[in-house]
Amino acid sequence: MYLMKDITRDGDPVLRARAKKVQFPLSEADKQLAHDLMEYLVVSQDEEENKKYHLRPGVGLAAPQVGVSECMAAVLVPGPDDSILLKEVLINPVVISNSVQDAALSEGEGCLSVDQDVEGYVVRHDRITVRYQNLAGETKKIRLKNYPAIVCQHEIDHLNGILFYDHINKKTPFKMDPEGILID
Ligand SMILES: CNC(=O)c1cccc(C)c1Nc1nc(N2CCN(c3ccccc3Cl)CC2)nc(N2CSC[C@H]2C(=O)NC)n1
Ligand code: NI
């Protein structure tokens, strides 16, 4: 199981590299990586477990964040009550279309690889269509909006060497297009 010591932090060049495409059939190492990425999210979202193992909670974790420069990311986005909005391992994900409308988390974004708080709206697309391969190697296409869409954009950015604060406007960090949506 990953601990915070296993998470690569901003400054490590792996976080600024373009990750390599994952080949199918998956190697045993890639199957284990997929499992470990998702396991981190599950454990980190459990209040008892995350305290026991000193884990920062997360809803997304990309392979470069554990030092593996490959196009794979796990997302586990809880919904209201104990529902799950999105639980998937995205392999070779690509945003193939997006809304013109922008969106940002009203509270800003955090990242397991960035220890300091960086304030400001991380302006993203409100709706996206993502094409990816799942663990079985099937090519899938999902349409996402609001929080799950923000999370997937954040994780796909990691595969392209982009960190969330790259999207924050330095001069006007809390400026948002009037048509844009602030997500609580
Ligand atoms: C600077 N202000 C802030 O960070 C920020 C501040 C307030 C609110 C939000 C909403 C903020 N923003 C933000 N909060 C999250 N979490 C909220 C808490 N949650 C969680 C916590 C405990 C148990 C279970 C869970 Cl589920 C885990 C996820 N996650 C992300 N991001 C950005 S996209 C990838 C995703 C990620 O996993 N980051 C590690 N951003
Ligand atoms: Ni991140």
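Residues numbered from 1 in each chain as written. Chains lettered and ligands numbered in written order. Predicted model: local features only at pLDDT ≥ 70, side-chain atom pairs only at ≥ 80, totals over all residues. Heavy atoms only, no water.

A. Quick peek at the coordination of the nickel ion (ligand 2). Here the nickel ion (ligand 2) is held by the protein donor atoms Cys111 (SG), His154 (NE2) and His158 (NE2), which lie 2.1 to 2.3 Å from it. What makes His154 buried here is its relative accessible area of 6%. (Donors = N, O, S within 2.8 Å, 3.2 Å for Na, K, Ca; no water. Buried < 20%, exposed > 50% of the residue type's maximum accessible area, 1.4 Å probe, protein only.)

B. Main features of the pairing of strand β2 (residues 72-78). Burial within β2 is extensive, with six of its seven residues counted as buried. Pairing of strand β1 (residues 60-62) with β2 involves three bridges; the strand directions are antiparallel. Each residue of the ladder has a partner; that of Leu61, found in β2, is Ala74. For β2 and strand β3 (residues 84-98), the ladder comprises seven bridges, and the chain directions are antiparallel. By the bridge assignment for β3, Met72 is matched with Ile91. Taking the residues that link successive antiparallel strands as the turn, the β2-β3 hairpin has five residues, and the phi of Asp81 there is positive, at about 55°. (Helix = DSSP H or I, 4+ residues; strand = E, 2+ residues; numbered from the N terminus. Pairing = 2+ DSSP bridges.)

C. Summary view of unusual backbone geometry. Between Phe24 and the following residue, Pro25, the backbone shows a cis peptide bond with an omega angle of -5°. Residue position: Pro25 is located in the segment before α1 (28-44).

D. Here's a closer look at the layout of surface pockets. Roughly 740 Å³ of volume is contained in the largest pocket. Here the element with the most residues in the lining of the largest pocket is helix α3 (residues 146-159); it accounts for seven residues. Across the lining of the largest pocket, the residue classes tally to 12 nonpolar, 11 polar and seven charged. If you trace the second largest pocket, you find it lined by Val42, Gln45, Leu76, Pro78, Gly79, Asp81, Asp82, Ser83, Ile84 and Lys87. (1 Å grid on protein atoms, 1.4 Å probe; cavity = no way out; pocket = protein on both sides within 12 Å on 5 of 7 lines; lining within 4 Å. Points joined across faces, edges and corners; volume = space filled by probe spheres on them. Nonpolar A, V, L, I, M, F, W, Y, C, P; charged D, E, K, R; others polar.)

E. Up close: α3. Taking 1.5 Å of rise per residue, the 14 residues of α3 would be expected to cover 20 Å, and the 21 Å separating its terminal C-alpha atoms lies within 8% of that figure. Judged by how many residues are buried, α3 sits mostly within the fold: 12 of 14 residues are covered. Within α3, the full set of buried residues consists of Pro148, Ala149, Ile150, Val151, Cys152, Gln153, His154, Glu155, Ile156, Asp157, His158 and Leu159. (Expected span 1.5 Å × (residues − 1).)

F. Examining the UniProt feature "active site" (unreviewed entry) in the chain more closely. The UniProt feature table records "active site" (unreviewed entry) at Glu155. Here Glu155 falls in the buried class, since its relative accessible area comes to 3%. Setting aside residues up to four positions removed in sequence, Glu155 forms contacts with Gly60, Leu61, Ala62, Gln65, Ala73 and Val75. (UniProt positions renumbered as here; feature names shortened; annotations may be inferred. Contact = heavy atoms within 4.5 Å.)

G. Representation of the packing of aromatic side chains within the structure. Tallying each qualifying case throughout the model produces two aromatic pairs. Measuring from centroid to centroid gives 5.2 Å for Tyr121 and Phe174, while their planes differ by 80°, and the two rings are edge-to-face. With a gap of 53 residues between them, Tyr121 in the loop between β4 (102-105) and β5 (124-125) and Phe174 in the loop between α3 and β8 (181-183) connect regions that are remote in the sequence. Taken together, a centroid distance of 5.7 Å and an interplanar angle of 80° make the contact between Phe164 and Tyr165 edge-to-face. (Phe/Tyr/Trp six-rings, centres within 6.5 Å; stacked < 30°, edge-to-face > 60°.)

H. Broad picture of the nonpolar core. Within the largest apolar cluster, 22 residues are counted, with the highest numbers of intra-cluster contacts made by Leu37, Tyr40, Leu61 and Met72. Residue contributions to this core peak at seven residues, all from α1. Setting aside anything within four residues of it in sequence, one finds Leu61 in contact with Tyr2, Ile7, Leu37, Tyr40, Leu41, Val66, Ala73, Ala74, Leu112 and Glu155. Listed in part, the 14 residues of the second largest apolar core include Val75, Val77, Ile128 and Cys152. (Core = buried A, V, L, I, M, F, W, Y, C linked by side-chain atoms within 4.5 Å.)

I. Fine view of the site of ligand 1. Around ligand 1 sit 16 residues in total, of which Gly58, Val59, Glu107, Gly108 and Gly110 are the nearest. Taking Gly108, its main chain carries an N or O atom lying 2.9 Å from a nitrogen atom of ligand 1. For ligand 1, the cavity whose grid points lie within 2 Å of the majority of its atoms is the largest pocket. Residue composition of the shell around ligand 1, by class: six nonpolar, six polar and four charged. (Near = heavy atom within 4 Å. Polar contact = N/O pair within 3.5 Å; in protein donor to acceptor, adjacent residues only side chain to side chain. Sits in = over half its atoms within 2 Å of the grid points.)

J. Broad picture of the sheet that holds β5. Judged by pairing direction, the sheet is mixed, and its three strands sit side by side in the order β5-β4-β8 without closing on themselves. The sheet is open, and its two edges are formed by β5 and β8, each paired on a single side. With three bridges connecting them, β4 and β8 associate as parallel partners. Paired with Ala104 across the strands is Leu182, a residue of β8.

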